[in-house]
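As a plain string of letters, each chain reads:
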Amino acid sequence: MSELHHECGVAAIYHMQDISEGVSPLAPHGNPEEVGSLIPRLLLDMQNRGQLAAGMTSYNPNRRQLIRTHKDVGTVTEVFRLGRKEKADRLMADLNGRAAIGHVRYATCGADDRSYAQPFERSHLQKTKWFSFAFNGQLANYGKLRAEIVKQEDFHLARETDTEIIMHLFSQEFSQNGRDDLVGMMTRLSRRLDGAYNIVFLNALGDMFFARDPLGIRPLCYAVEGPLVAAASESVALWNLGFDAKNIHTVQPGEMILIQNGRIERHQFAESPRRAHCFFEWIYFANAASTLDDCGVYLSRTELGKHLANLETLVPDEDTIVVPVPDTAKSAASAMAHHLGVPCLEGLMRNRYVGRTFIESRDRADKVRTKFTAVPEVLRGRKVILVEDSIVRSTTMKGLIAQIRERGEAREIHVRVACPPIFAPCFYGIDMSNVKELFAPRFMNSTELTPEIEQEMADALGADSLRYLPIETLHQSIGLPEKSLCRACVNAEYPTAEGVEMYQLALEYNRNPELTQNSRTFDVQTVISTRS
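What counts, and where the lines are drawn
Residues numbered from 1 in each chain as written. Predicted model: local features only at pLDDT ≥ 70, side-chain atom pairs only at ≥ 80, totals over all residues. Heavy atoms only, no water. Helix = DSSP H or I, 4+ residues; strand = E, 2+ residues; numbered from the N terminus. Rg over C-alpha atoms; globule rule 2.2 N^0.38 Å. Buried < 20%, exposed > 50% of the residue type's maximum accessible area, 1.4 Å probe, protein only. Contact = heavy atoms within 4.5 Å. Disulfide = S-S within 2.5 Å. Pairing = 2+ DSSP bridges. Right-handed = clockwise from strand over helix to strand, strands pointing away. Arc of directions from axis to C-beta. Axes fitted to C-alpha atoms, helices over the stretch in contact; angles between N-to-C directions. Core = buried A, V, L, I, M, F, W, Y, C linked by side-chain atoms within 4.5 Å.

*Asks:* Give a detailed account of the overall build of the chain, specifying residues and quantitative values.
*Replies:* Secondary structure summary: the chain contains 18 helices and 23 strands in total. For 532 residues, the compact-globule formula gives about 24 Å, and the C-alpha radius of gyration of the chain, at 24 Å, lands near that figure. Counting only C-alpha atoms and orienting by the principal axes, one finds that the chain spans roughly 70 × 55 × 40 Å. For the chain, with 532 residues in total, the buried portion stands at 59%. Residue pairs at least 24 apart in sequence account for 70% of intrachain contacts in the chain once pairs closer than 6 positions are excluded.

In structure tokens form, the structure reads like this:
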């Protein structure tokens, strides 16, 4: 769904120049000091995870500025000037090195503030305390951690962001325990952090690690070929860079890959008694060509489409067509149409070249027209089965239905959603933390969904009918055990203690919107609804 956004994607690359395998053929010009220039390529393949800002930090022991960071607001192409070869080459000449980390960002606030772009670098005269890192996820206990920090008179936080909290915690660790025990540092921090976090870290000694939280909420993978090591939020980025698929592996929950003193080591920095992989990665966020935790994204989406077809009660006629909402619903729509034996046609065209500046209109219908155009030649007089991956706030769906009916002149519009109703907020990295904004809770007092409720929803959207998938189809389609998925947004069962508490506070705020700023509930809800 185009109205739903993710929190970010991370990448890392390291050429271990001194190990016996020699120079990697993936290194540009065969030069290990130029692998930093591969970061924009990795980030381009994860642009789906964030389009508001991008950046990278590189390490080069032969450069006066041992680690150097470049970041800005904009897409990867804009930030790294990829459209202008001469400028891009000059920039990468300054940024190149044998190791680098990168980040693409989406956020709910500070969108045009460069200071929110990542990586975050902390300069210091002491190499052990000079570091940079990037973060993907969201801390459910952000409010508590922030309160602990700001109550100390000597500390000040300039931004409303988890990343600054983590930077402070890293700095505190280095001051108290030194830099030698990076595994111990992550072990100690894991006891304080509640929520989703993937971290890529690089310091002025050339130490690097990438780590995944103990629940594995967000995906992270890595590859090793000869002297080259790389990591990314999605496998497709590593494969497209040239790594053999057999060398691409999952970073396990609670695991970190450490590169230090010329060695690469795997460490379990925190116990992982259970998994809670975000199911939204498979149905919406991830690139369809990616494989996450050994489960293919494309196949998962086609399985969702098969479930939609199996549940369909409409009797198709010669005018019935299936139309996907571009782009992530295409796989499910195609599979559904194939199993129903009806055509799957592109009745909606997406404008891929609209910059975000041009879609800031407050008028919902204007936004939808700017991003999508109904095709009358496809839709006129048809019974349209409109397939969408999810409905969160319903703003885009209402606009699409209106356009299909008015401009497209469709005879009937039947909405099919390859996901259960989004019933509860997310506190782990998706920008839907406000109950009041969600569509489904306006009609549902619990997670129970009836045909009568679905028809009420359809009427509110302007559709002839609406059907969601049941919750059990999620793990069946993805191919993972039911208990290994985080499905909090569709069943209100949160995998962490802070998530449970935040949900109760969010419900209280939704019931009592008149709560003042003196209320802790108001403060928590405000923080989770506005920070990046």
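*Asks:* Would you mind going over the state of the cysteines in detail, with residue names and values included?
*Replies:* Applying the stated criterion to the full structure yields zero disulfides. Unpaired in terms of disulfides, Cys295 finds its nearest cysteine sulfur in Cys221, a separation of 13 Å. We note that Cys486 lacks a disulfide partner, and the nearest cysteine sulfur, in Cys278, lies 6.2 Å from it. With relative accessibility at 9%, the residue Cys486 sits in the buried group.

*Asks:* Which residues make up the environment of Ala270, and what values go with them?
*Replies:* One can find Ala270 in the loop between β13 (263-268) and β14 (277-278). Separated by 15 residues in sequence, Ala270 and Glu255 have C-alpha atoms that sit 7.0 Å apart. Filtering out sequence-adjacent residues up to four positions away, Ala270 remains in contact with Ser190, Pro214 and Gly254.

*Asks:* Tell me about the pairing of strand β21 (residues 412-417), and please be specific about residues and values.
*Replies:* Most of β21 sits out of view: five of its six residues are buried. In this sheet, β21 lies alongside strand β20 (residues 383-388) in parallel orientation, the contact comprising six bridges. Note on β21: the bridge partner recorded for Leu386 is Val415. Chirality of the crossover, the property in question, places the unit of β20, helix α13 (residues 395-406) and β21 among those that are right-handed.

*Asks:* Outline helix α3 (residues 85-95), listing residues and values.
*Replies:* Among the residues making up α3, those that are buried are Ala88, Leu91, Met92 and Leu95. All buried residues of α3 lie within an arc of 95° about the axis, which places them on one face of the element. Those residues of α3 that are exposed and aimed more than 90 degrees away from the buried face are Glu86, Arg90 and Ala93. For α3, the secondary structure elements touched by its buried residues are α1 (39-44), β2 (53-59), β3 (67-73) and α2 (76-79).

*Asks:* Would you mind going over the sheet that holds strand β1 (residues 8-15) in detail, with residue names and values included?
*Replies:* Here seven strands make up an open sheet; going across it, the order is β3-β2-β4-β1-β10-β9-β11 and the pairing antiparallel. Edge strands, defined here as strands with exactly one partner in the open sheet, are β3 and β11 (248-250). This sheet shows a mean twist of 15° between the axes of neighbouring strands, independent of strand direction. The pairing of strand β9 (residues 221-225) with β11 spans three bridges and is antiparallel. Bridge pairing links Ala223 to Ile248 in β11. Of the strands in this sheet, β2 and β3 are in contact with α3, which crosses β3 at around 140°.

*Asks:* Residues and numbers for the nonpolar core, please.
*Replies:* Phe279, Phe280, Leu386 and Val415 are the most contacted members of the largest nonpolar core, which has 87 residues in total. Ignoring sequence-local partners within four residues, the contact set of Val415 consists of Leu386, Ile391, Met397, Ile401, Ala463, Ser465, Leu466 and Arg467. Ranked by size, the runner-up nonpolar core spans 30 residues in total, among them Leu145, Phe174, Leu182 and Ile199.

*Asks:* Quick one: what's the story with the sheet that holds β21, residue by residue and with numbers?
*Replies:* The strand order across the open sheet built from four strands is β17-β20-β21-β22, with neighbouring strands paired in parallel fashion. A strand with exactly one partner marks an edge of an open sheet, and here the two such strands are β17 (320-324) and β22 (465-468). For this sheet the average axis-to-axis angle between neighbouring strands, irrespective of direction, equals 20°. Pairing of β21 with β22, which is carried by four bridges, proceeds in the parallel orientation. Looking at β22, one finds that Val415 is bridged to Leu466.

*Asks:* Tell me about the pairing of β20, residues and numbers included.
*Replies:* Counting buried residues along β20, six of its six residues qualify, which places the element largely inside the surrounding structure. Direction of pairing for β17 relative to β20: parallel, over a ladder of five bridges. Among the inter-strand pairings, Thr320 is bridged to a residue of β20, identified as Lys383.

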